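Structure assessment
Each chain is listed here by its residues.
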Amino acid sequence: MDMKRYILYSLILAATLVGCAGEAPLTPQVETKPEYAAQLAENASRSQVDATIYEWYKKYNTAFLYDFTEEDFSWLWAGKYNTKYTPFVRTDAADMQALEEMLQAFQEGFLDAYSEKLLRSNLPYKVFFVKELLGGTTRNPNITASTNGQDAIIVGWLDKRGNSYSSTAMGTEVGNVFGGFFYDKLPYKPQKFIDSRVDVKFSLVTFPKDPAIAAEQKVKPDFENKDHAANVCGYVKGYLGTHVKQPTEAQDFADFLFFIKGTPGSEIRKVTQFYWRVAMRAQILIDFYKTVMNEDLIASQNETFPDDKVTAEDFKFSH
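For clarity, every value in this text was computed on a predicted model and none was experimentally measured.

On to empty space enclosed by the protein, then. Under the definition given, this model contains one cavity of 30 Å³ or more. Roughly 50 Å³ of volume is contained in the largest cavity. The wall of the largest cavity is formed by Gln39, Leu40, Asn43, Arg46, Asp50, Ile53, Phe64, Leu65, Tyr66 and Asp67. In terms of residue count, the dominant contributor to the lining of the largest cavity is helix α1 (residues 37–43) (three residues). For the lining of the largest cavity, the class distribution of residues is five nonpolar, two polar and three charged.

In structure tokens form, the structure reads like this:
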């Protein structure tokens, strides 16, 4: 069995302290047996959705779930998950059609962007698929993916207008969540990449501490770019609806990994030819990945986009 299944969470018993009221919270214990193997195998003949999910289970050793109970979901979040979601209804033909489309977008946008070996070793214990996932801002209440920070991810399909996410959006957002899991499991952290992060005030890319960078942000490219301020600082994108929040280290790492591996060469060049810090930091990560992870990210991009390849020249920079 894959080593990621041997994850044991301690069950912390509530303790009563002398002179203090209240109890310590309970932390759930993750079952390590392959509890879904028989269920997913039995369900595989019900629909194309179930057949796909069972194939993924065999390939990645992760349970992808859409027909689950509230108890099955909530205990993984240890009482800390307050976000509401709308589940798919298996007996509803429209829901099943939507779910089939969601799985295709998940495949194209996320699974196809990573190697099978990497996914099998690093995907979480469970991935929940729901029709609608709420938990964003008041203005943008719907989100694509969320994690419990332990070993589960939940993925939504519809935005606030009831439209489905594109495979690109699906891949980017799920990739960011997955990147947190993967980043924590790296044998060595990419220290040079981390050290190259630009310092900003208030965790906002629009307030770089270096005045020279602030001056650079006033020079705009000849194309529309909502992530201009972030790109000048050397980040692939800024967070929040306004694209101004600085990414965390894990988000930063995942952003660049997906940017290099999962973006057409023409789109990469548009960014790296104008924003030298993005090119520089991408090159740092390419070197790290080749040395530590034994993978050529440029070759991986070329395999994904044979008609729109990127080359080493696209990451050369000057300033």
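For helix α12 (residues 276–293), with 18 residues, the first-to-last C-alpha span of 25 Å sits near the 26 Å given by 1.5 Å per residue. Listed as buried for α12 are Trp276, Arg277, Val278, Ala279, Met280, Arg281, Ala282, Ile284, Leu285, Ile286, Phe288 and Tyr289. Backbone geometry just downstream of α12 places Asn294 in the positive-phi region, at approximately 55°.

The share of residues in the chain with pLDDT of 70 or more is 83%, and the mean pLDDT across the chain is 83. Throughout residues 1–33 the model reports pLDDT below 50, and contacts reaching past four residues in sequence, or to other chains, amount to 54 contacts.

If you walk through the whole model with that rule in mind, you get 15 salt bridges. With a closest N to O distance of 2.9 Å, Lys316 and Glu313 form a salt bridge. You'll find Lys316 and Glu313 in the same group, each marked exposed. Within the structure, one salt-bridge network assembled from shared partners comprises Arg46, Asp50, Asp67 and Arg90.

Quick look at the pairing of strand β5 (residues 152–158) now. With respect to burial, β5 is a largely interior element, seven of its seven residues being buried. Pairing of strand β3 (residues 126–133) with β5, which is carried by six bridges, proceeds in the parallel orientation. Its bridge partner being in β5, Glu132 is matched across the sheet by Leu158. Strand direction decides the pairing type here: strand β4 (residues 145–147) and β5, joined by three bridges, are antiparallel. Note on β5: the bridge partner recorded for Ser146 is Ile154.

Calculation notes
Residues numbered from 1 in each chain as written. Predicted model: local features only at pLDDT ≥ 70, side-chain atom pairs only at ≥ 80, totals over all residues. Heavy atoms only, no water. 1 Å grid on protein atoms, 1.4 Å probe; cavity = no way out; pocket = protein on both sides within 12 Å on 5 of 7 lines; lining within 4 Å. Points joined across faces, edges and corners; volume = space filled by probe spheres on them. Helix = DSSP H or I, 4+ residues; strand = E, 2+ residues; numbered from the N terminus. Nonpolar A, V, L, I, M, F, W, Y, C, P; charged D, E, K, R; others polar. Expected span 1.5 Å × (residues − 1). Buried < 20%, exposed > 50% of the residue type's maximum accessible area, 1.4 Å probe, protein only. pLDDT = per-residue confidence, 0-100. Contact = heavy atoms within 4.5 Å. Salt bridge = Lys/Arg side-chain N within 4 Å of Asp/Glu carboxyl O. Pairing = 2+ DSSP bridges.

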